Amino acid sequence: MLLHFYLRYHTSFGQHLFISGNTDELGNGDLSKALPMEYLNDEFWQGSLEIRKKDLPAKLTYKYILKNENQEIIAEWGDDRTIEKIEKDIAELQLVDIWNHAGEYENAFLSAPFAEVLLAGKKPKQSAASDKNHTHIFRVKAPLLKKEEVLCLRGSGERLGDWSDDRIILMNRQGNWWTASLDLTEGSFPIAYKYGIYNVAEQRFVEYEGGNNRLLYSDAQKKKLTILHDGFAQLPNTTWKGSGVAIPVFSLRTDDSFGVGEFTDIKKLADWTSNTGLKLIQLLPVNDTIATHTWEDSYPYAAISAFALHPIYINLSEVAGKAHASAVTGLQDVKDKLNALTVVDYEAVMIVKTKVLKELYELMGAECFESNGYKKFFKTNKHWLQPYAAFCFFRDEYGHSRFNEWPTNAVYEEDEIRKLFATGSATAAELGFYCFVQYQLHLQLEDAANYAHKKGVVLKGDIPIGIYRNGCDAWVAPELYNMEWQAGAPPDDFTAVGQNWGFPTYNWKKMQEDGFGWWKQRFEQMSHYFDAFRIDHILGFFRIWSIPIHAVQGMIGRFVPSIPVHINEFGENGVWFDYQRYCKPFITDEVLAEQFGHLADQVKAAYVIPNGTGGYEFEMKFETQQQLVDHFATLEQNDDNEKIKNGLLDLVANVILFEVEGSQGQEFHFRFGMEKTLTFRHLIPHVQERLRNLYVDYFFRRQDDFWFREAMHKLPWLKAATNMLVCGEDLGMVPDCVPDVMRQLGILSLEIQRMPKDPKKEFFHPNDAPYMSVITPSTHDMSTIRGWWEENRERTALFYTTVMGQWGEPPYYCEAWVNRAIILQHLYSPSMWSIFQLQDLLGMNETLRRENPNDERINNPANPKNYWQYRMHLSLEQLAEASDFNNELRGYLSNAGRI
């Protein structure tokens, strides 16, 4: 059989196109062996091959690949271009296609939340066109049709009805495609045609698609079949809008809670969500974070496993069932005590749940392991479950998770771990406990997700940017991470010293060697429970703020990767390069006096020595921030020592440049916030100005194309690994290339009213939101609407007049009508999704909302020791009974077109 491929695609100079598919002739998925195409004209590229029919797979799947001049490879989006059930007498197959751009809005509506839940209602039955001896198959996608609407085909020529109103060809839905199989042997080519909408309930044609007529050039012959993949019908594609609620699982409260939200509580939240017209529940990460068995493990972004679920979310009664209900009947008093608390007592909850789970394991473990459900779960998840169980065993055996310090098994060996699980092994039963708990968690979260789906509600998860340094993932595959670096964020208005998250950064080159296998497994695991996910700090896929392991504060970091400044550039810009002055902490008597006041002599005596140039340098044992922190941990805690410590930490960072390791003094990175340093302020003005010019070029100009390519080496392949809807948290210092990459890949952006991405604006207005976005007035890392209203009176007054359009002085407190007005602004925005923290929704009601808005905040990023213990002050049962509020909310959603 001859196969001819024609692709409508307008290329630029230096670009080439290829065809990849599941046959040897198309490379069998190996992009390096894809079939090259040839330029035909400005509209088409073409490619041909001959294949024996017996070698043709039952389902031929193929896609097109673009290779740019710089050898960058971009695959078109989707895997739904398939050919099957070809008639035996067909000798020639002609495929006429349109490139599927990942950024097309319609692709979002073929992702899991829409295809499987939100738009998965039954389609109307109709008699579609399917000629027995067809020569052409028309295929086109239109995911946003209404319930009683189908796609239809109209055009020139006898078989297409000559545009007649009473000879409309109805199409049939097959997977993502609307299809019509027609015999055009009597047709006169080229044929003009268009797709349109037909209402089968009213038996009437509704409208044509937009744009010019489509043209079909290929003729019709016996033994030749032409299949057209016409992409998306040109119909309105920004009509669907939905809203959701954001709340961590641990924050949920029900009458039956155990002092913390549990996976089973998601069902009651889904009931309320569905009844009010909301369509989505957004959660924080739910992975296991147990590293220290203390409240510090409450930090949900420090998971010891990217796959395992946190035992704190388990419902003990559900595990016990009726057969072992007696094992949990004596817990009512402690349960009531914990549930009465206003916040989560993490340690108390974990102590009780761990004890009871071990008792249940003794009662149920053997029977559980013999069940088909567990065997399937274990087989599917063995790649992470066995290492995780072993990690937990050693963590508890040795009293900590710092695997480098374990007396045995400090280095992961797969064979050694396999032996621990062997039947008859002394450790097998103990390891089984952790597997048992994970299976029970899986059952409960899966059940909650299925329940939500039946209610027409989808779940959105959260993927942290990093992994915990002393966790299972780092133990199993340390080569996938840069363990000598720490991820964080540069200084900003909220944290003057920057943020140090402590996570090792990703070794992307190593991860790419197996096609990002770890990420694919991670997405696969997540898709069992979630329909969409938020990529925490998506900017890290472009470049990550990397802090040396010896540093404590985020200010001693740089973006990796980034293009450094060469030593020659300083001379070219009129700056005499002085390594000592720019690259070493600038310490003089004047600096010491300014920094330490009356304590300056004490600092000079204990921590610095003269450097021979009229200044000072640190004693060798105090050269790094970590050395200083370790030293001061041994001293008496008083105000003087605290001032000296903080002043010395600042002095370590009192530099202009960081030398690139291994560059032999030839390449450098600028310290972020250079102009705020003491060392910069002591430079003469003309040197300041020239360094400032280099600094601006370094951070805001030279990196953009480089970071664009970095992101395009990762994000397209990661997004293609899952059908979940992908949303990016693109906040902070956003490079210019980020919006373009996200648009190209169809990744939804995050828009926040008080964090405008345009530096010229004080606030972002919801009316300006792009369609492919999630808009929200606050996140878990911020104060709520009410809390923010009280933080800065001057900003509140500006917001009140410029954004809300009000006159006069704003209310001192955020009254319910103010909160409501802000919510409504977001509901009426053009964004696909508006998602609100539950606290912000309750803020619209004077009766339901919490008395003190400061008690509503979940996290403060400026506090690295934040205790994540926020709980709802109402139970979900009480919320469900608040009929007036619920009806009011549903009315707002309906009026805004979000139901």
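Scoring rules and cut-offs
- Residues numbered from 1 in each chain as written.
- Predicted model: local features only at pLDDT ≥ 70, side-chain atom pairs only at ≥ 80, totals over all residues.
- Heavy atoms only, no water.
- Salt bridge = Lys/Arg side-chain N within 4 Å of Asp/Glu carboxyl O.
- Helix = DSSP H or I, 4+ residues; strand = E, 2+ residues; numbered from the N terminus.
- Buried < 20%, exposed > 50% of the residue type's maximum accessible area, 1.4 Å probe, protein only.
- Pairing = 2+ DSSP bridges.
- Phe/Tyr/Trp six-rings, centres within 6.5 Å; stacked < 30°, edge-to-face > 60°.
- Core = buried A, V, L, I, M, F, W, Y, C linked by side-chain atoms within 4.5 Å.
- Contact = heavy atoms within 4.5 Å.
- Disulfide = S-S within 2.5 Å.
- Polar contact = N/O pair within 3.5 Å; in protein donor to acceptor, adjacent residues only side chain to side chain.
- Axes fitted to C-alpha atoms, helices over the stretch in contact; angles between N-to-C directions.
- Expected span 1.5 Å × (residues − 1).
- Arc of directions from axis to C-beta.

Colleague: Looking at this structure, how should I read the pattern of salt bridges?
Modeller: Should the charged atoms of two oppositely charged side chains come close, the side chains can pair. Following the criterion strictly, the structure yields 48 salt bridges and no others. Notably, a salt bridge pairs Arg-8 with Asp-230, separated by 3.9 Å at the nearest N-O pair. Placement of Arg-8 in strand S1 (residues 2–8) and of Asp-230 in strand S18 (residues 224–232) is noted, with a sequence separation of 222 residues between them. Assessed through its relative accessible area of 2%, Asp-230 is described here as buried. With its nearest N and O atoms 2.9 Å apart, the salt bridge here joins Glu-856 to Arg-786.

Colleague: Would you explain the pairing of strand S2 (residues 16–21) in this entry?
Modeller: Regular strands show a simple pattern: their side chains alternate between the two faces of the sheet. Counting buried residues along S2, five of its six residues qualify, which places the element largely inside the surrounding structure. By the bridge criterion, six bridges tie S2 to strand S6 (residues 59–67) in an arrangement that is antiparallel. Looking at the pairing, His-16 lines up with Lys-67 of S6. Looking at chain direction, S2 and strand S3 (residues 35–36) are connected through two bridges and run antiparallel. The residue bridging Ile-19 from the neighbouring strand is Leu-35, located in S3.

Colleague: Would you explain the packing of aromatic side chains in this entry?
Modeller: Centre-to-centre distance and the angle between the planes together describe a pair of aromatic rings. Taken as a whole, this structure holds 81 aromatic pairs when the rule is applied. With centroids separated by 5.5 Å and ring planes inclined at 45°, the aromatic side chains of Tyr-361 and Phe-436 adopt a geometry described as tilted. Highlighted residues: Tyr-361 in helix H6 (residues 346–369) and Phe-436 in helix H9 (residues 428–454), separated in sequence by 75 residues. The residues Tyr-361 and Phe-436 share a single accessibility class, namely buried. On the basis of an interplanar angle of 50° and a centroid distance of 5.0 Å, the ring pair of Phe-570 and Phe-577 is categorised as tilted.

Colleague: Would you take a moment to explain the nonpolar core for this structure?
Modeller: Most often, soluble globular proteins keep nonpolar side chains buried together rather than apart. Residues Trp-519, Phe-670 and Leu-691 are the most contacted members of the largest nonpolar core, which totals 230 residues. Not counting residues up to four positions away in its chain, the partners in contact with Trp-519 are Ile-463, Tyr-506, Trp-508, Met-511, Phe-541 and Leu-718. Core analysis: the second largest hydrophobic core is formed by 31 residues, Phe-138, Leu-170, Leu-184 and Leu-235 among them.

Colleague: Looking at this structure, how should I read the sheet that holds S1?
Modeller: Adjacent strands of a sheet pair through backbone hydrogen bonds, lying either parallel or antiparallel. Across the sheet, which stays open at both edges, the eight strands sit in the order S4-S5-S1-S9-S18-S10-S14-S13 with mixed pairing between neighbours. Whereas interior strands pair on both sides, the edge strands pair on one side only; in this sheet they are strand S4 (38–39) and strand S13 (172–174). Here seven bridges tie S1 to strand S5 (residues 44–50), and the two strands are oriented antiparallel to one another. Among the inter-strand pairings, Leu-2 is bridged to a residue of S5, identified as Glu-50.

Colleague: What is the right way to read the state of the cysteines from this model?
Modeller: Note on terminology: disulfide describes a covalent bond linking the sulfur atoms of two cysteines. Across all of its chains, the model carries zero disulfides by this definition. Of the cysteine sulfurs around Cys-472, a residue in no disulfide, the closest is that of Cys-392, at 7.3 Å. Not engaged in a disulfide, the cysteine Cys-727 finds its nearest cysteine sulfur in Cys-737; these two sulfurs lie 20 Å apart.

Colleague: Even after reading the chapter, I still don't get the side chain of Asp-265, so can you show me in this structure?
Modeller: Structurally, Asp-265 can be placed in helix H3 (residues 265–276). A polar atom in the side chain of Asp-265 sits 3.3 Å from the side chain of Thr-254. Those residues in contact with Asp-265, other than ones at most four positions away along the chain, are Leu-252, Thr-254, Ser-257, Val-260 and Leu-876.

Colleague: Any chance you could explain the sheet that holds strand S26 (residues 532–535) here in plain terms?
Modeller: If you trace the eight strands from one edge of the open sheet to the other, you get S34-S26-S21-S20-S19-S37-S36-S35, paired in parallel fashion. Of all the strands in the sheet, just strand S34 (725–728) and strand S35 (749–752) have a single pairing partner and so form its edges. Mean inter-strand twist for the sheet, computed between neighbouring axes without regard to direction, equals 25°. Judged from the two bridges that link them, strand S36 (residues 773–776) and strand S37 (residues 833–837) form a sheet pairing that is parallel. Its bridge partner lying in S37, Ile-775 is registered against Ser-834. Across the sheet, helix H12 (residues 517–526) is in contact with strand S21 (458–463) and S26; its angle to S21 comes to roughly 150°.

Colleague: What should I look at first to understand helix H29 (residues 883–895) in this one?
Modeller: Between its terminal C-alpha atoms H29 stretches 18 Å, which fits the 18 Å expected from 13 residues at 1.5 Å a residue. Among all positions in H29, only Phe-885, Asn-886, Leu-889, Tyr-892 and Leu-893 are buried. Relative to the axis of H29, the buried residues are bounded by an arc of 120° and lie together on one face. What points out from H29, more than 90 degrees from its buried face, is the exposed set Asp-884, Asn-887 and Asn-895. On its buried face, H29 is in contact with strand S19 (242–246), H3, helix H26 (816–827), helix H27 (838–842) and helix H28 (876–881). Positive backbone phi, at 75°, marks Gly-897, one or two positions downstream of H29.

All we've got here are geometric facts, nothing functional implied.
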